[in-house]
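Now for the letters of each chain:
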Amino acid sequence: MPRYNQKNEEEKYQFRRQLHSLIKWYSYISQIVRMFDKDLHREFVFCSYLLKLLPPSDVEPIDPDGKLKLEFYRLQKTFDGAIPLQADTKGVYEPAKLKGAMGLEKEEPLDEIISKINEKYKGNFTEGDRVLTTALKSKLMGDAEEEIE
C-alpha cells in the first residue's frame, strides 16, 4: 500500500483501471473457455481482493447540472382536444405510386401479368397470390429443366 500511495492521481487511476480490466476480462473468458493456468487464476483472485482494498479515487464526479446549459428547448402546449376525421373521405388507403427519389418503381413481369388478369377478369390478386404464382412458376420451370436433361 505505501508504494500505491506514493503514486500521483493519474498513475493510481491507471492502476485501478488495469486491475478492473483484468478482473472483467478474466471473468468473461473463464466463462467461455476453461482455463488451466493456476498462476493466472491466483493473480485474478489476488487482484479481485486488492481492488476492493484500494482507497477510492479523490476525483469528484462531474456535475452536469452546473456544466451544461440547455438552450433552444421549449415545451409548449399548442393544442388540446380531439382531431375529428373529415366526413367526405372514403377512408380507403391508396399506396403511393412513387418510390423514393428514383421515381416510378419498375414492375416485374409477374406484376404486369397480375395487373392484366385483375383488369380482364375483375379479380383481386394480392401479394399472397403473387407468392403462390411465383412458387408455381419456379416449380414448373424446375420440371421443365429436368425434362430437358
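Relevant structure appears above.
We now turn to the structure provided with this report.

Parameters and conventions
All residue numbers refer to positions counted from 1 along the written sequence of the respective chain. Side-chain atom pairs in this predicted model are given and counted only at pLDDT of 80 or more, local residue features only at pLDDT of at least 70, and totals for whole chains, interfaces and linings cover all residues. Excluding hydrogens and water, the side-chain values take into account all heavy atoms of the structure. Helix axes are fitted only over the stretch in contact, all axes being lines through C-alpha atoms; the angle between N-to-C directions runs from 0 to 180 degrees. Strands are runs of DSSP state E lasting at least two residues, helices are runs of H or I lasting at least four, and both sets are numbered from the N terminus onward. Every angle not falling under 35 degrees, over 145, or within 65 to 115 is termed oblique; those three ranges are roughly parallel, roughly antiparallel and roughly perpendicular. If you view the pair so one helix is near and one far, a crossing is left-handed when the near helix is turned anticlockwise from the far one by less than a right angle, and right-handed when it is turned clockwise. In this analysis, two residues are considered to be in contact whenever any of their non-hydrogen atoms come within 4.5 Å of each other. Each residue gets one of three labels, nonpolar for Ala, Val, Leu, Ile, Met, Phe, Trp, Tyr, Cys and Pro, charged for Asp, Glu, Lys and Arg, and polar for the others, Gly among them. Here the expected length of a helix is defined as 1.5 Å per residue gap, with one fewer gap than residues. For the exposure calls, accessible area comes from a 1.4 Å probe over protein chains only, and a residue counts as buried if that area is under 20% of its type's maximum, exposed if over 50%, partly exposed in between. Any pair of N or O atoms that falls within 3.5 Å is considered a polar contact. Within protein, one atom must be able to donate a hydrogen and the other to accept it, and sequence-neighbouring residues count only if both atoms are side-chain atoms. Pairs were defined over the aromatic rings of Phe, Tyr and Trp, the Trp ring being its six-membered one, requiring ring centres within 6.5 Å. Orientation was assigned from the angle between planes: stacked under 30 degrees, edge-to-face over 60, tilted for the rest.

**Describing the packing of helix H2 (residues 9–32) against helix H3 (residues 38–53)**
Here is step 1 of the chain: One can describe the packing of H2 onto H3 by two numbers: an axis separation of 10 Å at closest approach and a directional angle of 130°. Relative to H3, the element H2 lies oblique. The crossing of H2 and H3 is left-handed. Contacts between H2 and H3 involve Phe15, Arg16, Leu19, His20, Leu22, Ile23, Tyr26 and Ser27 on the former and, on the latter, Leu40, His41, Glu43, Phe44, Cys47, Ser48, Leu50 and Leu51.
Here is step 2 of the chain: The residue inventory of the contact of H2 with H3, partitioned by class, reads ten nonpolar, four polar and two charged.

**Focus: H2**
Here is step 1 of the chain: If you check H2, its first and last C-alpha atoms are 35 Å apart, about what 24 residues at 1.5 Å a residue would give, namely 34 Å.
Here is step 2 of the chain: Listed as buried for H2 are Lys12, Arg16, Leu19, Ile23 and Tyr26.
Here is step 3 of the chain: On its buried face, H2 sits against helix H1 (2–5) and H3.
Here is step 4 of the chain: Backbone nitrogen of Glu10 and a side-chain oxygen of the N-cap are separated by 3.3 Å at the start of H2; the cap is Asn8.

**Brief notes about the packing of aromatic side chains**
Here is step 1 of the chain: Counted under the stated rule, the structure contains two aromatic pairs.
Here is step 2 of the chain: When the ring of Trp25 is compared with that of Tyr28, the centres are 5.8 Å apart and the planes differ by 85°; the resulting orientation is edge-to-face. Here Tyr28 and Trp25 lie together in helix H2, a separation of three residues that amounts to about one turn.
Here is step 3 of the chain: Among the residues examined, Trp25 registers a relative accessible area of 46% and is labelled partly exposed.

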